[in-house]
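Architecture and fold: a report
Letter by letter, the chains look like this.
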Amino acid sequence: MKPWAGRFEKGTARQVEEFTASIHFDRRLYREDIAGSIAHACALAACGAISGAEADALIAGLGEVLQDIESGAVDFSASDEDIHTAVERMLAAKVGDVAKKLHTGRSRNDQVALDMRLYVRKEAERLAGLIDDVRRALVDVADANAGVVMPGYTHMQHAQPVLFAHHLLAYFEMLTRDMERLADAARRANVSPLGSGALAGTAHPVDRAAVARELGCSGVTRNSIDAVSDRDFVMEFLASAAIIMVHLSRLAEEIVLWSSQEFGFIELDDAFATGSSMMPQKKNPDVAELIRGKVGRVVGDLVAVLTVMKGLPLAYNRDMQEDKESLFDAVDTVASCLEVMAPMVRTMKVNAGAMREAAGRGFTTATDLADYLVRKGIPFREAHAAVGRLVLKCVREGKSFDELTLDEWKTLAPGVSEDVLEIVRVEASLEARAVRGGTAPAQVRAALEEARAMLGRRTMLGRRAGSMDAG
Ligand code: ARG
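A brief report on the enclosed structure follows. (Residues numbered from 1 in each chain as written. Predicted model: local features only at pLDDT ≥ 70, side-chain atom pairs only at ≥ 80, totals over all residues. Heavy atoms only, no water.)

Overview of the layout of surface pockets
As a reminder, the rule being used: Buriedness for pockets is judged along seven lines, at least five of which must meet protein on both sides within 12 Å for an open set on the 1 Å grid over protein atoms alone, while cavities are sets there where a 1.4 Å probe fits but cannot get out, and lining residues have an atom within 4 Å of a point. Grid points are joined across faces, edges and corners, and a volume is the space filled by probe spheres set on the points. All residues other than Ala, Val, Leu, Ile, Met, Phe, Trp, Tyr, Cys, Pro, Asp, Glu, Lys and Arg, Gly among them, are scored as polar; the first ten of these are nonpolar and the last four charged. Elements are defined by DSSP. Helices are runs of H or I of four residues or more, strands are runs of E of two residues or more, and each kind is numbered from the N terminus.
In this structure, the largest pocket encloses a volume near 380 Å³. Every residue lining the largest pocket is counted, 15 residues in all, and those nearest its centre are Met-1, Pro-3, Thr-85, Glu-88 and Arg-89. Here the lining of the largest pocket is built from residues that sort into 5 nonpolar, 4 polar and 6 charged. Empty space within the second largest pocket amounts to approximately 320 Å³. As for the second largest pocket, its lining consists of 15 residues, of which Glu-173, Arg-436, Gly-437, Ala-447 and Glu-450 are closest to the centre. Among the secondary structure elements, those contributing two or more residues to the lining of the second largest pocket are helix H7 (164-189) and helix H19 (441-454). Class assignment for the residues of the lining of the second largest pocket results in 8 nonpolar, 4 polar and 3 charged.

Laid out in structure tokens, this is it:
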């Protein structure tokens, strides 16, 4: 029996039942749904809409429903329509007629808004923890390879030498901001819409603030129409998820490049690589490629929800049911990518020799040379041009800086002496970049320490300890 069947003379067409049902995916919200119902039952009793004994019966029944679902003993069917009606049906089977009172002063519209908010809060915190694991892997690998030098690139061309640790810590920074974005999204999601009813607010004098406290929310929504019709907290979460994936895909791309024969900078652990069904010699970075590929799903999830919400008139519209599969897909995808990225990074073998060798190729210290000429009193533009000419000569003659004679160096500009040989060393180039945020070894050591101290600092929602945690 549908909760809304009273006004109807006929049953729903089977096809419509299946078309409108969301139970096969929104069943994932059962914990949040039950937590909301328990808080609502308390509020109903507190305002006298039901008796204390009735509230106790409802709460005990909801606890049993929760256990049944967790133990897998429950069969959801399409006639359940969604998780809200399914829980109501199961509750009725446990506690009988009193179950019919639970929906007093509440609509599925404020109920689903609450469930989604609690779910986003929970998953934002979980994903932040998984990001932290990747950050830890980056810091550990950076630490273990603190002296390793690689070529830094712009336009995929050798640019200037950098420490490998410095490069890895760039990803640490991106992921740190990702955690902050998630915390921010969770913070804004963490308000209770219960009491908004279908759209205009409930006529029962429920203590909305008490319900919010019970659920660990920081407060209540201010406008009932907004509360049931906005999903911007979902969009924000998905936007954060999409950005995480963009970051992961860039790291994944570098792992693909670095593990190629052309680079040879790293070798993936056997456990995190795959082979070819035809070519016996192959060791492929499929894991990194899949992470790179899955960014498309999550960006798609964001775009799907943005598009669903665009132009929807206030307040609730069934279109909004379409927010769930996108949200769930994004959660699952981001979680699985983070979970595999951390150990893949942690176990990769770093080929310091290949990186160091590459770092010295491609005249990567040419900028240092120009800076040296500047110190000899030559304007930077002229110095740039002189070094450019020297590089051109080397390219033509197939030489590196190392192969130039002192006389050749001296053609660069008046005043050039032997100290130039020190200047063009890769290690000297690193040392010279001693600004905060630069790649000088001392700076990178400090950055590593700072990064390590930041590990484990989680999303800090500031929730009341011991509050109802919907999972
Ligand atoms: N299953 C719906 C959703 O996910 C929530 C129920 C509200 N349904 C309704 N007809 N008012 O959005």
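Quick notes on the pairing of strand S1 (residues 149-154)
Spelled out, the test is: Each pair of strands is called paired provided DSSP finds at least two bridges between the two strands.
In the sheet, S1 pairs with strand S2 (residues 157-163) via 6 bridges, with the strands oriented antiparallel. Note that in S2 the partner of Met-150 across the bridge is Val-162. Hairpin remark: S1 followed by S2, antiparallel, with 2 residues in the connecting loop; positive phi at His-155, about 55°.

Focus on the site of the ligand
Note the following rule: Near residues are defined by distance, with any heavy atom within 4 Å of the molecule or strand qualifying the residue. Pairing of N or O atoms within 3.5 Å defines a polar contact, subject to two protein rules: one partner must be a possible hydrogen donor and the other a possible acceptor, and residues neighboring in sequence count only if both atoms are side-chain atoms. Surface exposure here means Shrake-Rupley accessible area, sampled with a 1.4 Å probe, where a residue is shielded only by the protein chains that are shown.
Ser-22, Asp-82, His-84, Arg-108, Asn-109, Val-112, Tyr-316, Arg-318, Gln-321 and Lys-324 make up every residue found near the ligand. Interatomic distance of 3.5 Å between a side-chain N/O atom of Ser-22 and a nitrogen atom of the ligand. In the model, a nitrogen atom of the ligand is placed 2.9 Å from a nitrogen or oxygen of the Gln-321 side chain. Against a free-state accessible area of 340 Å², the protein chains account for coverage of 88% of the ligand. Per-element tally for the shell around the ligand: the top contributor is helix H6 (residues 108-144), with 3 residues. For the shell around the ligand, the residue count by class is 2 nonpolar, 4 polar and 4 charged.

Comments concerning empty space enclosed by the protein
For the coordinates displayed, the defined rule picks out 3 cavities of 30 Å³ or more. Here the largest cavity defines a volume of roughly 40 Å³. Taken together, Asp-33, Ser-37, His-84, Val-87, Glu-88, Leu-102, His-103, Arg-106 and Gln-111 make up the lining of the largest cavity. Among the elements of the structure, helix H3 (30-46) and helix H5 (83-95) are those that each provide at least two residues to the lining of the largest cavity. Counting residues per element, the lining of the largest cavity draws most heavily on H5, which supplies 3 residues. Counted by class, the lining of the largest cavity contains 2 nonpolar, 4 polar and 3 charged residues.

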